[in-house]
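Architecture at a glance
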Amino acid sequence: MDKIEVGEVFTITDANGEEQDIEILATVTLENTDYAAVAFAEDIQEETEDDIDIFFLKVDQDGDLAAIESDEEFERVSVAFEELLDEEEQ
């Protein structure tokens, strides 16, 4: 699979077996692993002042999106995306 790009939309199946479209908002590489910050496409398309939920997924060796398993890994990824946002705001 090609590298995941910002703006791409993927369909995932949630814990209830329902399909949801998510959009890639940003990507970062940590320790040779790619991660994506994503949000539900429907939330992004709605013109509202409400905050949207953003979550992080790991890009596995096959280029598929997967859940982050450990709290430590999630914390590292969260900090990396916060730093990326801080850089973009400057």
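How each quantity is defined
- Residues numbered from 1 in each chain as written.
- Predicted model: local features only at pLDDT ≥ 70, side-chain atom pairs only at ≥ 80, totals over all residues.
- Heavy atoms only, no water.
- 1 Å grid on protein atoms, 1.4 Å probe; cavity = no way out; pocket = protein on both sides within 12 Å on 5 of 7 lines; lining within 4 Å.
- Points joined across faces, edges and corners; volume = space filled by probe spheres on them.
- Helix = DSSP H or I, 4+ residues; strand = E, 2+ residues; numbered from the N terminus.
- Nonpolar A, V, L, I, M, F, W, Y, C, P; charged D, E, K, R; others polar.
- Pairing = 2+ DSSP bridges.
- Phe/Tyr/Trp six-rings, centres within 6.5 Å; stacked < 30°, edge-to-face > 60°.
- Buried < 20%, exposed > 50% of the residue type's maximum accessible area, 1.4 Å probe, protein only.
- Patch = residues over 30% accessible without salt bridge, like charges linked within 9 Å, V, L, I, M, F, W, Y side chains within 5 Å.
- Areas by Shrake-Rupley, 256 points an atom, 1.4 Å probe, with all protein chains shown as cover.
- Salt bridge = Lys/Arg side-chain N within 4 Å of Asp/Glu carboxyl O.
- Lys, Arg positive; Asp, Glu negative; His and termini not counted.
- Charge placed at Lys NZ, Arg CZ, Asp CG, Glu CD.
- Core = buried A, V, L, I, M, F, W, Y, C linked by side-chain atoms within 4.5 Å.

Time to look at the layout of surface pockets. Approximately 180 Å³ is the volume attributed to the largest pocket. Lining of the largest pocket is provided by L25, A26, A37, I54, F56, S78, F81, E82, L84, L85 and E88. Every element with two or more residues in the lining of the largest pocket is listed here: β2 (19-30), β4 (54-59) and α2 (71-89). The class makeup of the residues in the lining of the largest pocket is eight nonpolar, one polar and two charged.

What follows covers the pairing of β2. Relative to β2, strand β1 (residues 9-13) is paired through five bridges, and the arrangement is antiparallel. Along β2, the bridge assignment pairs T13 with E19. Once β1 ends, the chain turns through five residues before running back antiparallel as β2, passing G17 with a positive phi of about 85°. Of the pairings in the sheet, the one linking β2 to strand β3 (residues 33-40) comprises eight bridges and is antiparallel in character. When the bridges of β3 are listed, A26 appears paired with A37. The hairpin turn running from β2 into β3, its antiparallel successor, is two residues long, and E31 in that turn takes a positive phi close to 50°.

Turning to the packing of aromatic side chains, a few remarks are in order. As enumerated under the stated definition, the model contains three aromatic pairs in all. On the basis of an interplanar angle of 50° and a centroid distance of 5.4 Å, the ring pair of F40 and F55 is categorised as tilted. Taken as a pair, F40 in strand β3 and F55 in strand β4 lie far apart in primary sequence, 15 residues in all. The exposure class of F55 is partly exposed, given its relative accessible area of 24%.

Moving on: the pairing of β3. Both β3 and β4 contribute to a ladder of six bridges, which runs antiparallel. Paired with A39 across the two strands is I54, which belongs to β4.

Moving on to a negative patch on the surface. Together, D71, E72, E75, E82, E83, D86, E87 and E88 give the surface a local cluster of negative charge. If you trace the backbone, E83 turns up in helix α2. Here E83 falls in the partly exposed class, since its relative accessible area comes to 47%.

Here we take up the nonpolar core. If you look at the biggest cluster of nonpolar residues, it comprises nine residues: A26, V28, Y35, A37, F56, I68, V77, A80 and F81. Breaking this core down by element, the ones donating at least two residues are β2, β3 and α2. When residues of this core are assigned to their parent elements, the largest contribution, three residues, is made by α2. Core analysis: the second largest hydrophobic core is formed by eight residues, F10, V38, L57 and V59 among them.

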